Amino acid sequence: MTESRQSIDPERTALLVMDYQPVVLGSLSDADELLSRVAEAIAIVRRHGGQVGYVRVAFDDADYEAVPEHSAFAPVLRTAREVFHSDSPATGIHERVAPESGDIIVRKTRIGAFSTTDLAERLRDRGIATLILAGVSTSGVVLSTVRDAADRDYRVFVLADATADPEPGVHGFLTERVFPRQAHVITVAELDGLLSGTNGRST
């Protein structure tokens with residue numbers, strides 16, 4: 001994006017930590033390093049007084065029954081019913097990036113963070129205008145949420161090194177070629193400066 005990204009107002013900002021669950025992280029070879037980077041991002045946002053939100057994907061019995069047979073989700077869920085059940089420890093938020101009191105936590109039953117949750121209402125209640133996204137996978141929850149968040153008029157930042165995909169080439173293409181059309185793509189190392197307004201970019 002060509003508009004200025006000189007600073008981020010932490011009081012109107014939420015970091016969304018999306019699908020950081022053991023069941024999802026198991027598809028990555030570098031999950032340990034990724035967890036360390038997102039933990040650092042969470043600490044930075046908390047230190048500046050920003051909001052932290054968590055999005056997890058999981059299904060209860062009623063959710064499974066509500067998926068129509070013609071849905072592209074149906075065959076996937078049939079083979080992974082127990083794995084993605086909301087009662088499974090594997091669908092919980094990873095303990096290394098665990099939520100704290102006052103954080104937003106939503107459970108979704110589709111790919112994006114908004115369509116099957118009350119996330120938009122919770123963000124609106126807190127006056128949030130800027131979203132910083134970290135998630136797995138880049139081609140799944142991050143792509144869907146970038147599109148939806150931009151359509152909802154949020155200012156969107158994607159933490160490229162706190163986001164990952166089982167296919168590194170796909171991650172690179174999205175962060176370098178696709179996301180910049182609707183979001184600012186940054187790294188965890190840039191976050192502190194952006195939240196404090198001292199990153200040195202001119203308007």
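Before reading on, note that the structure itself is shown above.
Caption draft 1: The arrangement of the overall build of the protein chain in detail. Helices and strands together make up the secondary structure of the protein chain, namely 8 helices and 6 strands. For the protein chain, the C-alpha radius of gyration of 16 Å lies close to 17 Å, the compact-globule estimate for 203 residues. C-alpha extents for the protein chain along the principal axes are approximately 50 × 35 × 30 Å. The 203 residues of the protein chain split such that 49% are buried. Taking all contacts inside the protein chain whose residues are at least 6 apart in sequence as the whole, residues at least 24 apart take part in 78%. When the accessible area of the protein chain is evaluated, it comes to approximately 9500 Å², of which 48% is carbon and sulfur surface. Within the protein chain, one finds 21 positive and 30 negative side-chain charges whose respective centroids are separated by 4 Å.

Caption draft 2: Quick peek at the sheet that holds strand E4 (residues 130–135). The 6 strands lie next to each other as E3-E2-E1-E4-E5-E6, forming an open sheet whose pairing is parallel. The open sheet is flanked by strand E3 (104–108) and strand E6 (184–186), the only strands paired with a single partner. Taking each pair of neighbouring strands and ignoring which way they run, the sheet shows an average axis angle of 25 degrees. Inspection of the sheet shows E4 paired to strand E5 (residues 155–159) by 4 bridges, in the parallel sense. In the strand pairing of E5, Leu133 is matched with Val158. Together, strand E1 (13–18), E3, E4 and E5 form the strand contacts of helix H6 (residues 138–151), whose direction differs from that of E4 by roughly 170 degrees.

Caption draft 3: Here's a closer look at the nonpolar core. Leu15, Val17, Tyr20, Leu25, Leu159 and Leu191 are the most contacted members of the largest nonpolar core, which has 38 residues in total. When contributions to this core are tallied by element, the ones reaching two or more residues are E1, helix H1 (22–25), helix H2 (31–47), strand E2 (51–57), helix H4 (73–79), E4, E5 and helix H8 (188–196). By residue number, the principal contributor to this core is H2, which donates 8 residues. Excluding anything up to four places from it in sequence, Leu191 contacts Ala41, Ile44, Val45, Ile132, Leu159 and Ile186.

Caption draft 4: Structural context of the environment of Leu133. When you line up the elements, Leu133 lands in strand E4. Residue Leu133 is classed as buried on the basis of its relative accessible area of 0%. Sequence separation between Leu133 and Leu16 is 117 residues; the distance between their C-alpha atoms is 5.1 Å. Residues in contact with Leu133, not counting those within four places in the same chain, are Leu16, Met18, Val142, Thr145, Val146, Val156, Phe157, Val158, Leu159 and Thr163.

Rules and cut-offs
- Residues numbered from 1 in each chain as written.
- Predicted model: local features only at pLDDT ≥ 70, side-chain atom pairs only at ≥ 80, totals over all residues.
- Heavy atoms only, no water.
- Helix = DSSP H or I, 4+ residues; strand = E, 2+ residues; numbered from the N terminus.
- Rg over C-alpha atoms; globule rule 2.2 N^0.38 Å.
- Buried < 20%, exposed > 50% of the residue type's maximum accessible area, 1.4 Å probe, protein only.
- Contact = heavy atoms within 4.5 Å.
- Areas by Shrake-Rupley, 256 points an atom, 1.4 Å probe, with all protein chains shown as cover.
- Lys, Arg positive; Asp, Glu negative; His and termini not counted.
- Charge placed at Lys NZ, Arg CZ, Asp CG, Glu CD.
- Pairing = 2+ DSSP bridges.
- Axes fitted to C-alpha atoms, helices over the stretch in contact; angles between N-to-C directions.
- Core = buried A, V, L, I, M, F, W, Y, C linked by side-chain atoms within 4.5 Å.

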